[in-house]
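Residue-level listing of the chains:
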Amino acid sequence: MLPYVTILGHTLSAYGLLGVLGFLAGLLLVLLGCPRFGLSRDDGVYLYVFSALGALAGAKLLYLLPRLPQMMADLPMLWTGQAGLFAQTYLAGGMVYYGGVLGALAAAVLTARWFSLELSDFFPVLVPAIPLFHAFGRVGCFCAGCCYGVEAPPPWGIAFSHAIAGPSGVSLLPVQLWESGAEALIFLFLLRYAGRGKDRRLLLVAYLLAYAPVRFLLEFFRGDPARGLFGPFSTSQWLSLAALAAAGVWLLRRRNHEYS
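Below, the structure is looked at part by part. (Residues numbered from 1 in each chain as written. Predicted model: local features only at pLDDT ≥ 70, side-chain atom pairs only at ≥ 80, totals over all residues. Heavy atoms only, no water.)

**Considering the overall build of the protein chain**
And step 1. Within the protein chain one finds 10 helices and six strands.
And step 2. Expected size for 260 residues packed as a compact globule is a radius of gyration near 18 Å; at 20 Å, the protein chain falls within 12% of this value.
And step 3. With the principal axes as the frame, the protein chain shows a C-alpha extent of 55 × 45 × 40 Å.
And step 4. A burial count over the protein chain gives 42% of its 260 residues as buried.
And step 5. When contacts within the protein chain are restricted to residue pairs at least 6 apart in sequence, those whose partners lie at least 24 apart make up 66%.
And step 6. Carbon together with sulfur atoms contributes 70% to the accessible area of the protein chain, which is approximately 14,200 Å² in total.
And step 7. Here the protein chain contributes 17 positive and 12 negative side-chain charges, whose respective centroids are spaced 6 Å apart. (Helix = DSSP H or I, 4+ residues; strand = E, 2+ residues; numbered from the N terminus. Rg over C-alpha atoms; globule rule 2.2 N^0.38 Å. Buried < 20%, exposed > 50% of the residue type's maximum accessible area, 1.4 Å probe, protein only. Contact = heavy atoms within 4.5 Å. Areas by Shrake-Rupley, 256 points an atom, 1.4 Å probe, with all protein chains shown as cover. Lys, Arg positive; Asp, Glu negative; His and termini not counted. Charge placed at Lys NZ, Arg CZ, Asp CG, Glu CD.)

See the structure below:
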C-alpha cells in the first residue's frame, strides 16, 4: 500500500491527499458545469463548499453516534492527562459515508435557503460531484488500509504491507477499489444524463438507486469490524435499504401526484 507520499520534501497522508483531490475535482466540476446549465458559479461554489463541510460533520457524527455512551464514559480522559488518547480514539479518522450524504444534504438545504436559491436547480452539478469525490476517497481508503475486505488468497486478495488502519501481511479483498470503480461508473452515468429531465430532483434519486444496491452488496465482502453489525446486516446495509425505500417512496408519490 502507499499510506504516505512525499511531495517537495514533505510527507503527506495519501488518504488526506486523495480526499483533497476529490474535493478539488468536485469543485472543478461545479465551476465547469454551472455555465452549461445557466447557473451562477458563485452560488454553485457556495453550495458545494458548505455541502462539503456538512458532509464532514455528518460523517463524523454518525460514526460517533453508536459510540456516544462509551465516549461519555471516557470524558474524564480530557482532564486526566489522556486528552491525546481521547482525540485519537474518537476524533482522528472514523467516518460513515451515509452520514456524510445526510450532512451534505442538510447543509445544502440550509445554504440554498440562506441565499434564496432553488437547490434542485444545482443538482446537475452537485449530484455527480458526490460519486466523483467518493471515488477518490475510496482509493484513499485503500492506500491507508481501512475499510478493507475479508481474507482471500491471491490473486483475489492483496496483502497490505504498511497499512495504517488495517492488518498488514494479510491477503484481503480490495473492496475499496471495487467501490471506487463503481462510483466512477455512477459518476459517468450521472454526468451523461444530468439536466436531461425536467425534474432535476430525479438526479439525486437516480444516484441513491444506483449506489445503495452496490454498497449493500459490497458490505458482504467487508472484513473490518468498524462497520458495525445490527442483526443480519451492517450499519451501511441498513442505511442502504433505507435509502432505497426513501427513493422508492418519493418516486411513488411523484407518480401519484402526476396522475391525480
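Anyway, onward from the coordinates.
**Things to note about the packing of aromatic side chains**
Each aromatic ring pair is characterised by the separation of its centres together with the angle its planes make.
And step 1. A full pass over the atoms with the stated rule returns 13 aromatic pairs.
And step 2. Aromatic side chains Y207 and Y211 sit 5.7 Å apart centroid to centroid with 10° between the ring planes, which places their arrangement in the stacked category. With Y207 and Y211 both in helix α9 (residues 201-218) and four residues apart, the pair spans about one turn of that helix. Just as Y207 is buried, Y211 falls in that class too. (Phe/Tyr/Trp six-rings, centres within 6.5 Å; stacked < 30°, edge-to-face > 60°.)

**Section: the pairing of strand β2 (residues 10-13)**
Side-chain direction in a regular strand flips from residue to residue, so the side chains alternate between the two faces of the sheet.
And step 1. Of the pairings in the sheet, the one linking strand β1 (residues 4-7) to β2 comprises four bridges and is antiparallel in character. In the sheet register, V5 faces β2, and the bridge partner there is L12.
And step 2. Hairpin geometry of β1 and β2 is characterised by an intervening segment of two residues between the two adjacent antiparallel strands and by a positive phi of about 55° at L8. (Pairing = 2+ DSSP bridges.)

**Details of a nonpolar patch on the surface**
And step 1. A contiguous nonpolar patch, built from Y15, Y46, F50, L53, L56, M95, W114 and F115 and spanning about 860 Å² of accessible area, is present on the exposed surface.
And step 2. A per-element tally of the nonpolar patch places helix α2 (residues 41-64) first, with four residues.
And step 3. Structurally, Y15 is set in helix α1 (residues 14-36).
And step 4. The exposure class of Y15 is partly exposed, given its relative accessible area of 36%. (Patch = residues over 30% accessible without salt bridge, like charges linked within 9 Å, V, L, I, M, F, W, Y side chains within 5 Å. Salt bridge = Lys/Arg side-chain N within 4 Å of Asp/Glu carboxyl O.)

**As for the layout of surface pockets**
And step 1. Taken as a whole, the second largest pocket spans an internal volume of roughly 370 Å³.
And step 2. Taken together, 15 residues make up the lining of the second largest pocket; nearest its centre are L105, L204, L208, A243 and A246.
And step 3. Elements with a minimum of two residues in the lining of the second largest pocket: α5 (97-114), α9 and α10 (235-259).
And step 4. In terms of residue count, α10 provides more of the lining of the second largest pocket than any other element does, six residues in total.
And step 5. Taken together, the residues of the lining of the second largest pocket sort by class into 14 nonpolar, no polar and one charged. (1 Å grid on protein atoms, 1.4 Å probe; cavity = no way out; pocket = protein on both sides within 12 Å on 5 of 7 lines; lining within 4 Å. Points joined across faces, edges and corners; volume = space filled by probe spheres on them. Nonpolar A, V, L, I, M, F, W, Y, C, P; charged D, E, K, R; others polar.)

**Focus: the side chain of S240**
And step 1. When you line up the elements, S240 lands in helix α10.
And step 2. With residues up to four places along the chain from it excluded, the contact list for S240 reads Y98, A212, R215 and F216.

**Side note on the packing of α1 against α2**
And step 1. α2 packs onto α1 with a crossing angle of 155° between their chain directions and a minimal axis gap of 9 Å. One way to sum up the angle between α1 and α2 is to call them roughly antiparallel. Relative to α2, the crossing made by α1 is right-handed. Where α1 abuts α2, its residues G22, F23, G26, L27, V30, L31, C34 and P35 lie against R41, G44, V45, Y48, V49 and A52. (Axes fitted to C-alpha atoms, helices over the stretch in contact; angles between N-to-C directions. Parallel < 35°, antiparallel > 145°, perpendicular 65-115°, else oblique. Left-handed = near helix turned anticlockwise from the far one by under 90°.)

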